[in-house]
Amino acid sequence: MANGFIIIFSHILPLIIGFFSILLIINGIMDEEKHISIIGIVLFLLASIGPFLILPLFV
């Protein structure tokens, strides 16, 4: 059961969160709305650092 969670948190969720964060960053820059860009940057950082914080809990 833990292998399924490891795959989800290491490969699937970061990809999805990273994709939507890039969309938010682009949308925020194009519409000149800084708060949307900041949300996108925070989500991107969460997607890149999140697996390193969550995966040690499963091992």
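See the structure printed just above.
It should be emphasised that the depicted structure is a prediction, and the values quoted were computed from it without experimental measurement. (Residues numbered from 1 in each chain as written. Predicted model: local features only at pLDDT ≥ 70, side-chain atom pairs only at ≥ 80, totals over all residues. Heavy atoms only, no water.)

(A) Expanded view of helix 2 (residues 34–58). With 25 residues, helix 2 should reach 36 Å at 1.5 Å per residue; the first-to-last C-alpha distance of 36 Å fits that figure. At Ile49, helix 2 shows its largest kink, close to 45°, and the proline Pro51 lies no more than four residues downstream. Considered for burial, the residues of helix 2 that qualify are Ile36, Ser37, Gly40, Ala47, Gly50, Pro51 and Leu55. Where the residues of helix 2 are buried, they touch helix 1 (2–30). (Helix = DSSP H or I, 4+ residues; strand = E, 2+ residues; numbered from the N terminus. Expected span 1.5 Å × (residues − 1). Bend = angle between axes of the 7 residues up to and from the residue. Buried < 20%, exposed > 50% of the residue type's maximum accessible area, 1.4 Å probe, protein only. Contact = heavy atoms within 4.5 Å.)

(B) Broad picture of the side chain of Ser37. Locating Ser37 in the fold gives a position in helix 2. A relative accessible area of 12% places Ser37 in the buried class.

Geometry only, nothing functional implied.
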